[in-house]
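This is what each chain is made of:
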Amino acid sequence: MSDLSIFDVNPAAGAKSESPLAMTRVTVATVASPAKAGVVVREHAFQGHLILRGRATDDQFRAGVEQALGVPLPLKMGPLSRDEARGVSIQWMSPDEWLVIVPAGREFATENRLREVLSGHYAVMNVSGGQTVLELSGPAVRDVLMKSTPYDVHPRNFPVGKAVSSVFAKSSAIIRRVAEDRWELVIRRSFADYLYRWVLDASEEFGVYVAS
Amino acid sequence: MLHIYCPYCEEYREEEEFRPKGEAHIARPAEPEATSDEAWGDYLFFRKNPRGLHHEQWYHAAGCRKFFNATRDTVSYQILETYKAGQQPTVTAAARAAQAAGKGVAK
């Protein structure tokens, strides 16, 4: 455990918190039910996002992360380490940087746990307030992604469980394929309004349903 | 559009994800205080502008956000290789000359 002073940036009791989409959440539905929609949009707000940095070549670092989070540290671009039942995932962002996403309210405990087991050269940063997750599901999601990003989202190049950071709608986003017809976009707070509207607009032709 | 191989992501990505960052392998003078104004000016402001092979830096802005190096032919715009920061290029003018000379001997 390091002697850094850390604190819970989002204490549960009484503090008001708003999703980046709080002001723009319009419930658009061009179709009557999610079953008829080509794209169902859902925001997973308030999840815990942590940026973890360290040396991938350090055995102790890798073992510590696995011990603290229960999923192995991915060592190359692409495959997401994910435990869907517990809602924990680790994504490779760059050779010495990872994005850890944990369920809402778990971020402080997770950060503490990482600080307990890790030692030496590493950093953990809580970035939960800076980004949010949009889940897109439905048969037409791939068409919407093809309109929005230059990255190849064909199943041949983008199998289930892959996660990449790329250009999205002239901005940037992290694109994660979590199931056959279910994708996640991790988007920045400052672009959230724009990207959310972009996704709605791009999905309109396929029938879009915003699930709350 | 160029397809650029990022040596860190180990994948070809669209040019749109990258930013060019100018000439690579520029060494900062070891002793700035002892460097002449002319040499310091060269280091700061003067860049090569070759016709042909050029070793340059690129930045994977939308991906892993790492700097890496590329060897590009400024005539054809072809990127001949990309390699991590800190590594040396394998495609160089000298290597090409040696290869051409080797071929000449074989004939």
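What you see is a predicted model, and the numbers here were worked out from it, not measured in a lab.

(A) Summary view of the overall build of chain A. From N to C terminus, chain A includes 4 helices and 12 strands. For 212 residues, the compact-globule formula gives about 17 Å, and the C-alpha radius of gyration of chain A, at 18 Å, lands near that figure. For the C-alpha atoms alone, the extent of chain A along its principal axes is close to 55 × 45 × 30 Å. A buried classification covers 47% of the 212 residues belonging to chain A. Sequence separation of at least 24 residues holds for 66% of the intrachain contacts in chain A that already meet a minimum separation of 6.

(B) Region of interest: the pattern of salt bridges. Residue and element names in this part refer to chain A. A complete count under the given rule lists 22 salt bridges over all chains for this structure. Residue Glu 184 pairs with Arg 176 through a salt bridge whose shortest N-O separation is 3.2 Å. Across the pair, Arg 176 and Glu 184 agree in class, each one buried.

(C) Structural detail: the side chain of A:Ser81. Residue and element names in this part refer to chain A. Here Ser 81 shows up in strand β4 (residues 81-83). Of the residues examined, Ser 81 reaches a relative accessible area of 10% and is grouped as buried. Sequence-distant contacts of Ser 81, defined by excluding residues within four places in its chain, comprise Val 71, Pro 72, Leu 73, Pro 74, Val 88, Ser 89 and Ile 90.

(D) Representation of a nonpolar patch on the surface. Where nonpolar side chains cluster on the molecular surface, the patch consists of B:Leu44, B:Phe45 and B:Phe46 and spans about 370 Å² of accessible area. Checked against the element boundaries, B:Phe45 lands in helix α1 (residues 37-45).

(E) Local environment of the side chain of B:Thr35. All names here are of chain B. By the element assignment, Thr 35 lies in the loop between β3 (19-23) and α1. Here the side chain of Thr 35 touches Glu 31 through a polar contact of 2.7 Å, landing on its backbone oxygen. Once residues within four sequence positions are removed from consideration, Thr 35 is found in contact with Pro 29 and Trp 40.

(F) The arrangement of the interface of chain A and chain B in detail. Opposite the 17 residues of chain A that make contact, chain B presents 13 residues. Overall, the association of chain A and chain B removes approximately 1200 Å² of surface from exposure, summing both partners, and the carbon and sulfur fraction of that is 50%. Linking chain A with chain B are 3 salt bridges. For B:Glu11, the salt bridge identified is with A:Lys162, shortest N-O distance 3.0 Å. Counting every contact that joins chain A to chain B gives 8 residue pairs in polar contact (both at pLDDT 80 or more).

(G) Looking closely at the packing of aromatic side chains. This structure, assessed with the given rule, holds 8 aromatic pairs over all chains. Their ring planes at 85° and their centres at 5.7 Å tell us that A:Tyr151 and A:Phe158 sit as a pair that is edge-to-face. As far as the burial class goes, A:Tyr151 and A:Phe158 line up, both buried. Its guanidinium or amino end placed over the ring of A:Phe158, A:Lys162 lies 5.9 Å from that ring's centre, counting from NZ or CZ. The ring of B:Tyr77 carries the charged tip of B:Arg72 above its face, separated from the ring centre by 4.5 Å.

(H) Quick look at the sheet that holds strand β7 (residues 122-126) of chain A. All names here are of chain A. The strand order β4-β5-β6-β2-β7 describes an open sheet built from 5 strands, whose pairing is antiparallel. Two strands in the sheet have a free side with no partner beyond their single neighbour: β4 and β7. Adjacent strand axes in the sheet meet at a mean angle of 20° when their direction is disregarded. Direction of pairing for β4 relative to strand β5 (residues 88-94): antiparallel, over a ladder of 3 bridges. Bridge pairing links Arg 82 to Ser 89 in β5. Running over the sheet, helix α1 (residues 59-69) touches β2 (48-54), β5, β6 (97-102) and β7 and is turned about 165° from β2. Where helix α2 (residues 107-117) meets the sheet, it contacts β2, β6 and β7, and its direction lies at approximately 170° from that of β7.

(I) View of the environment of B:Ala85. Residues and elements named next belong to chain B. Looking at the secondary structure, you find Ala 85 in the loop between β6 (79-84) and α2 (93-106). For Ala 85, a relative accessible area of 43% puts it in the partly exposed group. Sequence-wise, Ala 85 and Lys 103 are 18 residues apart; in three dimensions their C-alpha atoms are separated by 31 Å. Not counting residues within four places of it along the chain, the set of residues in contact with Ala 85 comprises Tyr 8, Phe 67, Phe 68 and Asn 69.

(J) Main features of the environment of A:Glu116. Structurally, A:Glu116 is set in helix α2. Residues A:Glu116 and A:Ala68, spaced 48 residues apart in sequence, show a C-alpha to C-alpha distance of 8.5 Å.

(K) Summary view of the environment of A:Pro79. Residue and element names in this part refer to chain A. Structurally, Pro 79 is set in strand β3 (residues 78-79). Residue Pro 79 is classed as partly exposed on the basis of its relative accessible area, which comes to 43%. Here the alpha-carbon distance between Pro 79 and Val 160, two residues 81 residues apart in the chain, equals 8.8 Å. Apart from the residues within four sequence positions on either side, Pro 79 is in contact with Pro 74 and Gly 161.

Rules behind the numbers
- Residues numbered from 1 in each chain as written.
- Chains lettered and ligands numbered in written order.
- Predicted model: local features only at pLDDT ≥ 70, side-chain atom pairs only at ≥ 80, totals over all residues.
- Heavy atoms only, no water.
- Helix = DSSP H or I, 4+ residues; strand = E, 2+ residues; numbered from the N terminus.
- Rg over C-alpha atoms; globule rule 2.2 N^0.38 Å.
- Buried < 20%, exposed > 50% of the residue type's maximum accessible area, 1.4 Å probe, protein only.
- Contact = heavy atoms within 4.5 Å.
- Salt bridge = Lys/Arg side-chain N within 4 Å of Asp/Glu carboxyl O.
- Patch = residues over 30% accessible without salt bridge, like charges linked within 9 Å, V, L, I, M, F, W, Y side chains within 5 Å.
- Areas by Shrake-Rupley, 256 points an atom, 1.4 Å probe, with all protein chains shown as cover.
- Polar contact = N/O pair within 3.5 Å; in protein donor to acceptor, adjacent residues only side chain to side chain.
- Buried area = accessible area lost by both parts, 1.4 Å probe.
- Phe/Tyr/Trp six-rings, centres within 6.5 Å; stacked < 30°, edge-to-face > 60°.
- Lys NZ or Arg CZ within 6 Å of the ring centre and 35° of its normal.
- Pairing = 2+ DSSP bridges.
- Axes fitted to C-alpha atoms, helices over the stretch in contact; angles between N-to-C directions.

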